[in-house]
Amino acid sequence: MHREKATALLQRMLGPKAEFREGQWEAIDLAANQKGRALIVQRTGWGKSIVYFIAAKILRDSGAGLTLLISPLLSLMRNQLLAAEKLGIRAVTIHSQNVDDWQEVEQRIKANEVDLLMVSPERLANEDFIKKFLPGIQSNIGMFVVDEAHCISDWGHDFRPDYRRIVRILKLLPPAVPVLCTTATANDRVVRDIESQIANVRILRGQLVRASLKLFNIVLPGQADRLAWLAHFLPKLPGNGIVYTLTVQDSRRVAGWLSQRGLAARPYHADLAAQERIEAEEQLLDNRIKALVATVALGMGFDKPDLGFVVHFQRPGSVVAYYQQVGRAGRAVDSAFGVLLSGREDDEIQNYFIRTAFPSAQVMTEVARELQTAESRTIEQLSAALNYPWTTLERALKLLEVEGAVSREQNKYSRTASRWVADVERAERVTQLRRGEVEEMQRYVEHDGCLMEFLARSLDDPSAGPCGKCMNCTGKAERQPIPAGLIQEAVNFLRNDHLVIDARHQWPKSVAEQVGERWPNAVDRFEDGGRAKVIIPTRLRAEEGRVLCVYGDAGWGDSVARGKYESGRFEDALIEAAAELVRNKWKPEPMPQWVTCVPSKRHPELVHDFGQRLAAALGLPFAMALRKTRDNQAQKEMQNSAAQVRNLLGGFEVMEISLGDGANEFGTHGSPQSRDGARPSKGGKGTSLMQMLKHKIKTGLGSKPQLPELPVLLVDDVVDSGWTLTIGALLLREHGSGPVYPFALARAAFRGS
Amino acid sequence: MDVRDFLSDDGQAVLALCSNFALAEDGPSALTLSEWNELETQIENSSLAGPAELPGLGAEKIAKELGIPEGEAERVAALLDRAGRLAMQLEEVFSKGMWVLTRVDSGYPVQLQHTLKHQAPTVLFGSGERSLLNQAAVAVVGSRHIDEAGAAFARAVGKKCVESGLVVVSGGARGTDRLAMDGALSEEGKAMGVLADSLEATIRKPDVQEFVADGRLVLVTPYGPTAGFSVGGAMGRNKVIYGLSEFAVVVSSDVNTGGTWAGAVEALKGQWCPVFVREGSGVPEGNRALLKKGALPIGDEQVGEDANFGEWLRKQQTGTQAKTKKSAAQQQDLFG
């Protein structure tokens, strides 16, 4: 098809004045007319989709088969479907959210009524897709389009194992089949890597720099400072935009803060249901909210031409990632802002990501070896056999799958017959690269020259030069002050941002038997729609609990860390805050009438002391009810649920509550009936505890210790998986206790499964 | 594993034309062996360098170049058109540890090509060490139901092959096949299995995987990787077993019925390789009948502890090659 005709198509889609942007026609011609292969490197908004839509149409009109578009994003697909319709292209997609449509799609494919089929990279490996949909495609596949093609490269910042499968498929295609690869972010190293993997590919590159974007870097180590900055400056930024955070937790927290300050903001992250994510995107697109506070889950493909700003709450791990995110702003507006706030926690978070991104050769080898012992295994079974976190096992399996060492059918993994050896070199290479990228971003944040030029050079954009708009070019590097009161309010917000401990109700299947042997009453089997579950009976479960903060975090987290590892004692302010939380914020019902704590052989004083003082602050008696029967390994070294439970089995038992030492119960010496100090007497409750205990002794106890049938607060310093508290509560309940409320000072910073 | 290691561009085209794997539901059927043989000749006689030049030409050009009728050319073009889909389904197969070889690929087993010539299967799916396919091998075949003496013999043959540096080839079926193959593998030897079905399922078994990953067991099938069992399939793969081997040993056979009988008779007729048949007091009828058809006798002595198995086989070969040809000629005279 000639250019004129293609332009006519373009105008049908975009209006009578529309013309091709520079490079668009060349790309279309290469793919559709010359049946060649191209890698298109152009910034977001240039119009890559126009290229492959029109190329697909041209091919279809000339009798070729449908175009297969491989793209990683759900949201992208929705927008694209609408855009394709305008061109008269019959586009369909199959993904996990539109299963109801699959049958219709299958039929339309068979009837040759589909011009464009859009799927995710994961879908290509899906048995159903291969056995049901593919055979329905009667004629050839007219063209392959690979979106976000930088994922093909090891060197790219967004390594996705499923893309290696795409490369293998492309290698199996005869040269006559056209292939278009598109990406908005690829430096020379990535481009060369892609070139080496896909034969005969032409590189079509455009300018990456966004002229309307004004860049700023602001270093504010404390989270409270950055929260205050956001509250103060966000209303001053034009239009609507995105605030990026590195973690889901921060996304929630920042959104919560901004909402509290009266700003229309909502969180956006991978833990939201698909429907919620769609809603959130639409709200931003319609300018009904000021900002989405998002993690990278708001990804490539989300396109809002009039996005007024992109603010980063924390520093991303690479220039490529940063540019991809900040480059969303300023597309179709004259002026937009890109602000990078960086803080104290950035390095730690990046290090965590790097450490956990690539399962070590050791993990992969062990997983491969374990799979050789049976025909197939589920992740569950693997987590019982190997002491690694669930997500680590998942990642290892994914990489093994892509490297051909493992194959998967539903949730069962099997070792294939291929020889496989861990590629230690590659893993190390990529890890080194990532560290280098983090260092580059550290330099960017301190850069005193043109910021846009720094980014452009890093991306090997040949047209890199001073932008004249960033804070360094305009000399606006001076920081504007934030009202001190605002910072204090942010500090208070963080301190009040306490968290919930959900009661566990299910045993990991792989250890259910062991648990049942030890505590036959603690195991209930239960069918849920065909799937057997092993649950903790309701009467033995803990109630919903609370945690004061996240370990090491801004707010109280620092104080907890210091208390645990430096001074060996938690400061008074911490105890006060904990008591405040229990008494005034949480207010569990019925209110606990005594306090006990999780025993520890390693730091017996620390938690015991904390428990006692908290009890005193709450005016409740304290008594040890649990004791350790044997040394086990540090619970935090247990990496998944199965290991965690096993480590605790038989590790605790309930003991007689000690009455003798007054110090134990009330935190003061002296007879239980008289209490010193100004604290209002909660004698009623203390007395009833005493009475119940006395009563029990009089009536003679059974073989096992009996606990008072009163609600109790069970405390620990740090909660991670929650299994210690779960089993502690189970034991207390088993021995007659009333409802058990778990409480911990801190939650471990990065949680396992 | 890079697909370029085993599959050439020519091979890809042959695969698209000849394999039943991943065919379109209402599309044309794959080329049969004889249809491919014909097309191969036509390609050789044309100005095209090889099958790799066919994809993308279109039916009209293909008809012209090869001098074939439009209808046939359309079928060829349609089969080649499925390249994209085929690529995706192939990738799935490869990612599970399997590979594919076609008759035009350099890795295709030499002995097989040499022995069966135009009857050699166009496409072989497989898994494991490909170089084994070109090592000197002995086929060991027999029925699934086998008595003590037969079983002991099968295992012994396997063991003796290892001692002589020969690879055992068999069908992977229960009974004789597995006994012979296990006989070799358990003595640190090597084996080839020619499967009639279920290649994909077979390589998932841990014990099979162990030998395959070790490089001592290679599995092939002339059918698709997920083909199901059929009697025809079981029979059809027998010729591949003989075709891969320098010698064949039949442990026990029925008369005029069963895969072992049919395979042995075909092998004798085609003179694919010297066929030895177990003799002795308790052997089944079929064994005796095969001797009359020209098979050579082999007994417990040849697989005894001190026997030099490989040497003995070779001696028989030179001596009897003339014999075998003569007896075949004699039979023809008898029956006109």
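Everything in this summary refers to the structure shown in the same document. In this text the structure is predicted, and so the values were computed from the model without any measurement. (Residues numbered from 1 in each chain as written. Chains lettered and ligands numbered in written order. Predicted model: local features only at pLDDT ≥ 70, side-chain atom pairs only at ≥ 80, totals over all residues. Heavy atoms only, no water.)

Considerations on the sheet that holds strand β11 (residues 291–294) of chain A
Residue and element names in this part refer to chain A.
Link 1 in the chain: Spatially, the six strands line up as an open sheet ordered β8-β13-β12-β9-β11-β10, and their pairing is parallel. Edge positions in the open sheet fall to β8 (213–219) and β10 (265–268), since each of these has one partner strand only. Between one strand axis and the next, the sheet turns through 15° on average, direction left out of account.
Link 2 in the chain: Summarising the sheet, β10 and β11 pair through four bridges and their orientation is parallel. The residue of β11 that forms the bridge with R266 is L292.
Link 3 in the chain: Its contacts with the sheet place helix α10 (residues 248–260) against β10 and β11, and it is angled at close to 170° to β10.
Link 4 in the chain: Contacts between helix α11 (residues 274–285) and the sheet are confined to β9 (241–244), β10 and β11, with β10 contributing the most and set at about 140° to the helix. (Pairing = 2+ DSSP bridges. Helix = DSSP H or I, 4+ residues; strand = E, 2+ residues; numbered from the N terminus. Axes fitted to C-alpha atoms, helices over the stretch in contact; angles between N-to-C directions. Contact = heavy atoms within 4.5 Å.)

Side note on the environment of R130(B)
All names here are of chain B.
Link 1 in the chain: Looking at the element boundaries, R130 is found in the loop between β2 (123–128) and β3 (137–141).
Link 2 in the chain: What makes R130 partly exposed here is its relative accessible area of 22%.
Link 3 in the chain: Sequence separation between R130 and M192 is 62 residues; the distance between their C-alpha atoms is 9.8 Å. (Buried < 20%, exposed > 50% of the residue type's maximum accessible area, 1.4 Å probe, protein only.)

Focus: the pattern of salt bridges
All names here are of chain A.
Link 1 in the chain: Enumeration according to the criterion identifies 35 salt bridges over all chains in this entry.
Link 2 in the chain: Here R90 and D115 are joined by a salt bridge, their closest N and O atoms 3.0 Å apart. Here the residue R90 occupies a position in the loop between α4 (74–86) and β3 (91–93), and D115 occupies one in the loop between α5 (102–110) and β4 (116–119), the gap between them amounting to 25 residues.
Link 3 in the chain: In this structure, the salt-bridge partner of R613 is D572, at a minimum N-O distance of 2.7 Å. In this pair, R613 is assigned in helix α23 (residues 604–618) and D572 in helix α22 (residues 572–586), connecting sequence segments 41 residues apart.
Link 4 in the chain: Taking the relative accessible area as the measure of exposure, D572 reaches 54% and is therefore exposed.
Link 5 in the chain: One salt-bridge network, in which partners are shared between bridges, spans R569, D572, D609 and R613. (Salt bridge = Lys/Arg side-chain N within 4 Å of Asp/Glu carboxyl O.)

Here we look at the interface of chain A and chain B
Link 1 in the chain: Contacts between the two partners involve 36 residues from chain A and, on the opposite side, 37 residues from chain B.
Link 2 in the chain: Of the roughly 3,200 Å² buried between chain A and chain B on both sides combined, carbon and sulfur atoms contribute 55%.
Link 3 in the chain: Summed over the shared surface of chain A and chain B, the number is nine residue pairs in polar contact (both at pLDDT 80 or more).
Link 4 in the chain: Broken down by secondary-structure element, the contributors of at least two residues to the side of chain A that touches chain B are α6 (127–133), α7 (161–171), β14 (406–409) and β15 (412–415) of chain A.
Link 5 in the chain: Considered class by class, the residues forming the side of chain A that touches chain B number 17 nonpolar, nine polar and ten charged. (Buried area = accessible area lost by both parts, 1.4 Å probe. Polar contact = N/O pair within 3.5 Å; in protein donor to acceptor, adjacent residues only side chain to side chain. Nonpolar A, V, L, I, M, F, W, Y, C, P; charged D, E, K, R; others polar.)

So, unusual backbone geometry
Glycine aside, negative phi is the norm for most residues, and most peptide bonds take the trans geometry.
Link 1 in the chain: Residue E589(A) is joined to P590(A) through a cis peptide bond whose omega torsion reads 0°.
Link 2 in the chain: Tracing the backbone through its elements, the reader meets P590(A) in the loop between α22 and β20 (594–597).
Link 3 in the chain: In this structure, D460(A) takes a positive phi of about 60° despite not being glycine.
Link 4 in the chain: Locating D460(A) in the fold gives a position in the loop between α18 (451–458) and α19 (484–496).
Link 5 in the chain: Overall, D460(A) belongs to the partly exposed group, its relative accessible area being 29%.
Link 6 in the chain: Positive phi is not limited to glycine here, since S198(B) has a value of about 55°.
Link 7 in the chain: Within the secondary structure, S198(B) is located in the loop between β5 (191–194) and α9 (199–202).
Link 8 in the chain: Here S198(B) falls in the partly exposed class, since its relative accessible area comes to 24%.

Focus: helix α8 (residues 176–185) of chain B
Link 1 in the chain: α8(B) sits mainly inside the fold: seven of its ten residues count as buried.
Link 2 in the chain: When α8(B) is considered as a whole, its buried residues turn out to be T176(B), D177(B), A180(B), M181(B), G183(B), A184(B) and L185(B).

Some thoughts on the side chain of S251(A)
Residue and element names in this part refer to chain A.
Link 1 in the chain: Residue position: S251 is located in helix α10.
Link 2 in the chain: The buried category is assigned to S251, whose relative accessible area is 0%.
Link 3 in the chain: When sequence neighbours within four positions are dropped, the list of residues in contact with S251 reads T245, P267, Y268, H269, V293 and T295.

A closer look at the packing of aromatic side chains
Residues and elements named next belong to chain B.
Link 1 in the chain: Under the defined criterion, the tally for this structure stands at 19 aromatic pairs over all chains.
Link 2 in the chain: Taking 6.4 Å as the distance between ring centres and 45° as the angle between the ring planes, the aromatic pair formed by Y242 and W272 counts as tilted. Taken together, the residues Y242 in helix α11 (residues 231–243) and W272 in the loop between α12 (259–270) and β8 (275–278) connect sequence positions 30 residues apart.
Link 3 in the chain: With centroids separated by 6.3 Å and ring planes inclined at 55°, the aromatic side chains of F247 and F276 adopt a geometry described as tilted. Of this pair, F247 sits in strand β7 (residues 247–250) while F276 sits in strand β8, and the two are 29 residues apart along the sequence. Residues F247 and F276 agree in their burial class; the two are buried. (Phe/Tyr/Trp six-rings, centres within 6.5 Å; stacked < 30°, edge-to-face > 60°.)

Let's talk about the sheet that holds strand β7 (residues 201–205) of chain A
All names here are of chain A.
Link 1 in the chain: Read across the open sheet, the seven strands follow the order β3-β4-β2-β5-β6-β1-β7; overall the sheet is parallel. Two strands in the sheet have a free side with no partner beyond their single neighbour: β3 and β7. Going from strand to strand, the sheet's axes swing by 20° on average, the running direction of each strand aside.
Link 2 in the chain: Bridge analysis of strand β1 (residues 37–41) against strand β6 (residues 179–183) gives five bridges, and the strand direction is parallel. Each bridged residue has a counterpart across the sheet, and for L39 the counterpart in β6 is C181.
Link 3 in the chain: Packed on one face of the sheet, helix α8 (residues 188–197) meets β1 and β7 and runs near 155° to β7.

Focus: helix α2 (residues 33–45) of chain B
Structural remark: α-helix, 3.6 residues per turn; residues separated by three or four positions point the same way.
Link 1 in the chain: Counted at 1.5 Å a residue, the expected span for α2(B) with its 13 residues is 18 Å, and the 19 Å between its end C-alpha atoms agrees.
Link 2 in the chain: Every buried residue of α2(B) is listed here: W36(B), N37(B), L39(B), E40(B), Q42(B) and I43(B). (Expected span 1.5 Å × (residues − 1).)

What about a nonpolar patch on the surface?
All names here are of chain B.
Link 1 in the chain: A contiguous nonpolar surface patch, about 290 Å² in accessible area, is contributed by F229, V231 and M235.
Link 2 in the chain: Mapped onto the elements of the fold, M235 is located in helix α11.
Link 3 in the chain: Judged by its relative accessible area of 34%, M235 falls in the partly exposed class. (Patch = residues over 30% accessible without salt bridge, like charges linked within 9 Å, V, L, I, M, F, W, Y side chains within 5 Å. Areas by Shrake-Rupley, 256 points an atom, 1.4 Å probe, with all protein chains shown as cover.)

Focus on empty space enclosed by the protein
Residues and elements named next belong to chain A.
Link 1 in the chain: One pass over the structure, following the stated rule, counts five cavities of 30 Å³ or more.
Link 2 in the chain: In this model, the largest cavity occupies a volume close to 80 Å³.
Link 3 in the chain: Along the wall of the largest cavity there are 13 residues; nearest its centre are F358, M364, E403, D423 and A427.
Link 4 in the chain: When residues of the lining of the largest cavity are traced back to their parent elements, those giving at least two are α14 (361–371) and α17 (424–446).
Link 5 in the chain: The biggest single contributor to the lining of the largest cavity is α17, with three residues.
Link 6 in the chain: Taken together, the residues of the lining of the largest cavity break down into nine nonpolar, one polar and three charged. (1 Å grid on protein atoms, 1.4 Å probe; cavity = no way out; pocket = protein on both sides within 12 Å on 5 of 7 lines; lining within 4 Å. Points joined across faces, edges and corners; volume = space filled by probe spheres on them.)

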